[in-house]
Amino acid sequence: MRLSQGGKSAIPVVLFLIVGFAAPLLAVIWFSFMPPRSFSFGGAPTLENYATIFQGTNYISFLWSLSLAVTAVALLALVCYPVAYGLVRVFGKWAMLLTLLFTIPLFVSENIRLYGWVLFLIKNGVLLGTLKSMFGLQLESILFSLPAIILGMVYVYLPFMLFPMTLGISMVPNETRDAAFDLGASRWQVFKEVELPLSMPGVVIGFLLTFVLAIGAIAEAKVLGGQRVIPITHDIEIAFTYSQNWPLGAALSVLLMLVVGVLVLLALRRFDLDTFLGRR
Amino acid sequence: MAEASPILSLKSVRKMFGAHAAVDSIDLDIAEGEFFTIVGPSGSGKTTMLRMLAGMDTPTSGDILLRGERINDLPANKRPTCMVFQSLALFPHRTVGQNIEFPLKIRGEVPESRKARALQLMDLLRLPQSYYAKNVLKCSGGERQRVALARALAYDPQILFFDEPLSAIDYKLRKTLEKELKDIHRETKKTFVYITHSLEEAMVMSDRIGVMRAGKLVQVGTPHQIYSAPNTRFVSEFVGDVNVLPVSLDTDGRLHSRLTGARLKPPPVPEGFSEGHLVIRPEFLRFLAKAADADNAVSGRLYNEYVLGSRIQYQVRVGEGVFAVEKLRQQAFTGKLDDDVIIGWDAKDAILVTD
């Protein structure tokens with residue numbers, strides 16, 4: 001078989017994808033069919049792990065992960081759209097500085113930032129300690145509760161919603177905005193009829209990106225939630241470490257990938273990016 | 001047109017960008033139902049002017065009056081005017097029908113009457129009814145033009161503004177659309193204010209033309225006036241190929257052309273004229289058998305010829321000067337390249353300009 005010039009050039013990438021992406025994925029999928037608590041690829045394939053999951057209580061963790069992710073994405077959308085709109089249309093020369101401020105925290109490890117929040121929110125910590133000593137206010141800490149987990153997720157994934165949205169909004173041509181206004185639309189109508197729909201590609205990408213990241217979140221629940229809530233990622237970790245049941249962990253991972261994959265595909269079918277971009 | 005009352009008046013309208021006057025003290029009346037075109041090279045301030053008229057920019061000083069009412073600070077969405085943009089600014093996420101219906105939807109009209117009006121406008125603009133549900137981005141360039149115009153007409157504006165909507169379209173289609181636009185102007189009887197950098201385009205469509213240069217209106221007149229009586233060298237050169245001779249007025253009343261060394265009989269000389277340019281359009285020049293056959297004659301050498309469709313242009317070198325002579329194809333000159341020729345023109349066919 002002779003390869004074209006392009007085909008030959010693609011060989012390194014294809015090899016890299018096989019070794020770095022396809023192989024581990026296939027390994028995980030294969031492992032999910034191995035007998036429980038085995039540590040080799042050589043066992044007789046079985047559906048026992050999946051049976052265990054569907055008979056057990058893992059679905060609770062699945063539901064927690066899903067609802068945490070959906071809540072975080074919804075809140076992120078509400079928080080980020082106005083900010084992104086401001087960055088593109090309002091803040092002018094300050095937009096660069098603000099973008100930088102939103103980016104810099106990404107250079108610090110997520111765990112360190114979360115522990116920063118712990119210090120900030122903990123009883124007698126930065127926030128409550130200051131309120132107490134300066135104003136004599138005694139408040140309950142929200143640390144180790146559901147709101148703290150969601151706060152952490154919104155905080156950590158904010159750039160991943162903000163920047164695609166910024167891109168989406170900056171893609172709205174100025175003249176279409178002017179034209180809508182010229183045709184009698186009020187500011188709100190311009191937004192509703194033109195700006196929002198035309199910025200949807202960025203919004204959808206932000207939704208998908210943060211959803212996929214948030215459903216795989218684990219540190220927020222552990223550090224800020226004090227393990228009050230166990231997300232599915234935590235279950236997977238336990239299976240691989242504490243309970244030494246790799247095939248079960250692999251099966252949970254495969255199910256998680258399936259759930260996320262199906263949801264993302266459904267979303268992409270509903271919000272066809274090409275339609276938004278007007279290519280179809 | 002002149003006797004109709006002005007629908008739009010500009011009184012010393014000026015727009016400053018920093019210390020630079022993009023539009024500089026413009027006075028202009030545009031009559032009801034007129035097709036008025038503002039022509040100028042890029043950077044002459046014509047787009048800024050149109051944006052002020054449409055309400056997307058406010059003048060730094062001066063007044064814009066719509067039927068006598070000052071509208072300087074009236075925002076675009078409150079003005080009974082509508083603009084067709086250079087990019088057309090169609091809504092890419094909407095169908096042809098939705099685009100046209102946009103202003104009606106904004107106004108809160110019910111879907112049935114919106115659709116009826118959209119189909120009526122599509123008919124007027126010769127868009128097939130089947131396009132109603134078609135995505136605008138699937139339409140061709142010419143069809144998009146029509147959709148943009150239909151959308152603007154759906155707004156039912158008193159004045160329609162056009163910001164070079166045809167500039168990105170290929171020559172042949174542009175020629176068709178120019179004529180179509182003029183037909184639409186006749187049918188709708190609305191006031192059209194059009195801007196373009198092509199005087200040729202302006203000539204085809206307009207009732208009157210205003211030529212802009214560096215923020216000022218240099219000349220306002222009918223296409224015929226602009227063509228046959230340009231008031232500056234700038235305007236005369238804007239129309240197309242033209243012969244411009246630097247001349248000075250001698251004491252004996254004849255013109256002296258430094259470039260060719262010729263002494264020429266002038267057209268009517270403006271008061272106080274001493275130096276300036278003599279403008280002669282290529283079609284007014286002719287090849288002569290002998291110098292006495294025209295008021296003015298110069299001898300030169302036939303250097304080259306260009307076929308311009310129905311006309312042929314000859315380049316004749318006279319001294320250091322170059323003349324363009326145009327003949328209809330049927331009356332093509334029979335001389336050969338490098339022949340010595342005499343070209344001439346009658347004094348009345350030339351124009352003297354000071355600038």
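Just so you know, these numbers come straight off a predicted model, no measurement behind them. (Residues numbered from 1 in each chain as written. Chains lettered and ligands numbered in written order. Predicted model: local features only at pLDDT ≥ 70, side-chain atom pairs only at ≥ 80, totals over all residues. Heavy atoms only, no water.)

**Re the overall build of chain A**
- Check the secondary structure of chain A and you find 13 helices and 0 strands.
- Buried positions account for 39% of the 280 residues belonging to chain A.
- A fraction of 67% describes how many contacts in chain A between residues 6 or more apart in sequence connect residues 24 or more apart.
- Taken as a whole, chain A presents about 15,700 Å² of accessible surface, with 73% of it coming from carbon and sulfur.
- Separation of charge centres in chain A, based on 17 positive and 13 negative side chains, amounts to 4 Å. (Helix = DSSP H or I, 4+ residues; strand = E, 2+ residues; numbered from the N terminus. Buried < 20%, exposed > 50% of the residue type's maximum accessible area, 1.4 Å probe, protein only. Contact = heavy atoms within 4.5 Å. Areas by Shrake-Rupley, 256 points an atom, 1.4 Å probe, with all protein chains shown as cover. Lys, Arg positive; Asp, Glu negative; His and termini not counted. Charge placed at Lys NZ, Arg CZ, Asp CG, Glu CD.)

**Considering the packing of aromatic side chains**
Residues and elements named next belong to chain A.
- In total, this model carries 20 aromatic pairs over all chains according to the counting rule given.
- Consider the rings of Phe-240 and Trp-246, whose centres lie 6.1 Å apart with planes at 50°: the pair is tilted.
- Overall, Phe-240 belongs to the partly exposed group, its relative accessible area being 29%.
- An aromatic cluster is defined as three or more aromatic residues linked by ring pairs; in this entry it consists of Phe-31, Phe-39, Phe-41, Phe-240 and Trp-246.
- Lying across the ring of Phe-181, Arg-187 places its NZ or CZ 5.1 Å from the centre. (Phe/Tyr/Trp six-rings, centres within 6.5 Å; stacked < 30°, edge-to-face > 60°. Lys NZ or Arg CZ within 6 Å of the ring centre and 35° of its normal.)

**Some details on the sheet that holds strand E4 (residues 61-66) of chain B**
Residue and element names in this part refer to chain B.
- Ordered in space as E2-E1-E4-E5, the 4 strands form an open sheet in which the pairing is antiparallel. The strands lining the two open edges of the sheet, one partner per strand, are strand E2 (20-31) and strand E5 (69-70).
- Here 2 bridges tie E4 to E5, and the two strands are oriented antiparallel to one another. Residue Leu-66 lies in a different strand from E5, and its bridge partner there is Glu-69. (Pairing = 2+ DSSP bridges.)

**What to know about the domain arrangement of chain B**
Residue and element names in this part refer to chain B.
- By domain assignment, chain B separates into domain 1 (6-233) and domain 2 (241-353).
- Just the C-alpha atoms count here: the centres of domain 1 and domain 2 sit 39 Å apart.
- Each partner contributes to the interface: domain 1 provides 7 residues, whereas domain 2 provides 6 residues.
- For domain 1, the biggest contributors to the area lost against domain 2 are Tyr-227, Pro-230 and Arg-233; these three give 84% of the whole.
- Put simply, domain 1 and domain 2 have 0 salt bridges between them.
- Our enumeration of links across domain 1 and domain 2 arrives at 3 residue pairs in polar contact (both at pLDDT 80 or more). (Domains from an automatic or database assignment. Buried area = accessible area lost by both parts, 1.4 Å probe. Salt bridge = Lys/Arg side-chain N within 4 Å of Asp/Glu carboxyl O. Polar contact = N/O pair within 3.5 Å; in protein donor to acceptor, adjacent residues only side chain to side chain.)

**Regarding the packing of helix H5 (residues 110-121) of chain A against helix H7 (residues 146-170) of chain A**
Residue and element names in this part refer to chain A.
- Contact geometry for H5 and H7: axes closest at 11 Å, N-to-C directions at 140°. Judged by the inter-axis angle, H5 sits oblique to H7. When the axes of H5 and H7 are compared, the crossing they make is right-handed. For the pair formed by H5 and H7, the contact residues are Glu-110, Arg-113, Leu-114, Trp-117 and Leu-121 on the first element and Leu-151, Gly-152, Tyr-155, Val-156 and Tyr-157 on the second.
- Tallied by class, the residues present in the contact of H5 with H7 amount to 7 nonpolar, 1 polar and 2 charged. (Axes fitted to C-alpha atoms, helices over the stretch in contact; angles between N-to-C directions. Parallel < 35°, antiparallel > 145°, perpendicular 65-115°, else oblique. Left-handed = near helix turned anticlockwise from the far one by under 90°. Nonpolar A, V, L, I, M, F, W, Y, C, P; charged D, E, K, R; others polar.)

**A look at the side chain of Arg-146 of chain B**
Residues and elements named next belong to chain B.
- Here Arg-146 shows up in helix H4 (residues 141-154).
- Residue Arg-146 is classed as buried on the basis of its relative accessible area, which comes to 16%.
- Apart from the residues within four sequence positions on either side, Arg-146 is in contact with Leu-125, Leu-127, Leu-177 and Glu-180.

**Quick word on the packing of helix H9 (residues 187-215) of chain A against helix H2 (residues 96-106) of chain B**
- As a packed pair, H9 of chain A and H2 of chain B sit with axes 12 Å apart at the nearest point and diverge in direction by 150°. Between H9 of chain A and H2 of chain B, the interaxial angle falls into the category roughly antiparallel. Viewed along their axes, H9 of chain A and H2 of chain B form a crossing whose handedness is right-handed. From H9 of chain A, Gln-189, Glu-193 and Val-194 of chain A reach across to H2 of chain B, where they touch Phe-102, Lys-105 and Ile-106 of chain B.
- Broken down by class, the residue content of the contact of H9 of chain A with H2 of chain B amounts to 3 nonpolar, 1 polar and 2 charged.

**Considering the sheet that holds strand E13 (residues 263-264) of chain B**
- The antiparallel open sheet is built from 5 strands, whose spatial order is E13-E12-E11-E14-E20 (chain B). A strand with exactly one partner marks an edge of an open sheet, and here the two such strands are E13 and strand E20 (351-353) of chain B.

**Observations regarding a nonpolar patch on the surface**
All names here are of chain A.
- A surface patch of nonpolar side chains, amounting to about 1,200 Å² of accessible area, comprises Val-90, Phe-91, Trp-94, Met-96, Leu-97, Leu-100, Leu-101, Ile-104, Phe-107, Val-108 and Ile-112.
- Broken down by element, the nonpolar patch gets its largest block of residues, 5 residues, from helix H4 (residues 94-103).
- By the secondary structure assignment, Leu-97 is in helix H4. (Patch = residues over 30% accessible without salt bridge, like charges linked within 9 Å, V, L, I, M, F, W, Y side chains within 5 Å.)

**A few points about the side chain of Gln-313 of chain B**
All names here are of chain B.
- Summarising the element assignment, Gln-313 is placed in strand E17 (residues 311-318).
- Its relative accessible area of 8% is what places Gln-313 among the buried residues.
- In this structure the side chain of Gln-313 is engaged in a polar contact, spanning 2.8 Å, whose partner is the side chain of Glu-326.

**Overview of the interface of chain A and chain B**
- Contacts between the two partners involve 19 residues from chain A, matched on the other side by 28 residues from chain B.
- Of the roughly 2,000 Å² buried where chain A meets chain B, counting both sides, 62% is carbon and sulfur surface.
- Three residues stand out in chain A for area buried against chain B, namely Asp-182, Leu-183 and Glu-193 of chain A, and they jointly supply 36% of the buried area on that side.
- Remark: the boundary between chain A and chain B carries 3 salt bridges.
- Between Arg-94 of chain B and Glu-193 of chain A there is a salt bridge whose closest N-O contact spans 3.1 Å.
- Where chain A meets chain B, there are 9 residue pairs in polar contact (both at pLDDT 80 or more).
- Put simply, the parts of the chain that give the side of chain A that touches chain B at least two residues each are helix H8 (174-182) and H9 of chain A.
- The greatest single-element share of the side of chain A that touches chain B, amounting to 7 residues, is contributed by H8 of chain A.
- By residue class, the composition of the side of chain A that touches chain B is 9 nonpolar, 5 polar and 5 charged.

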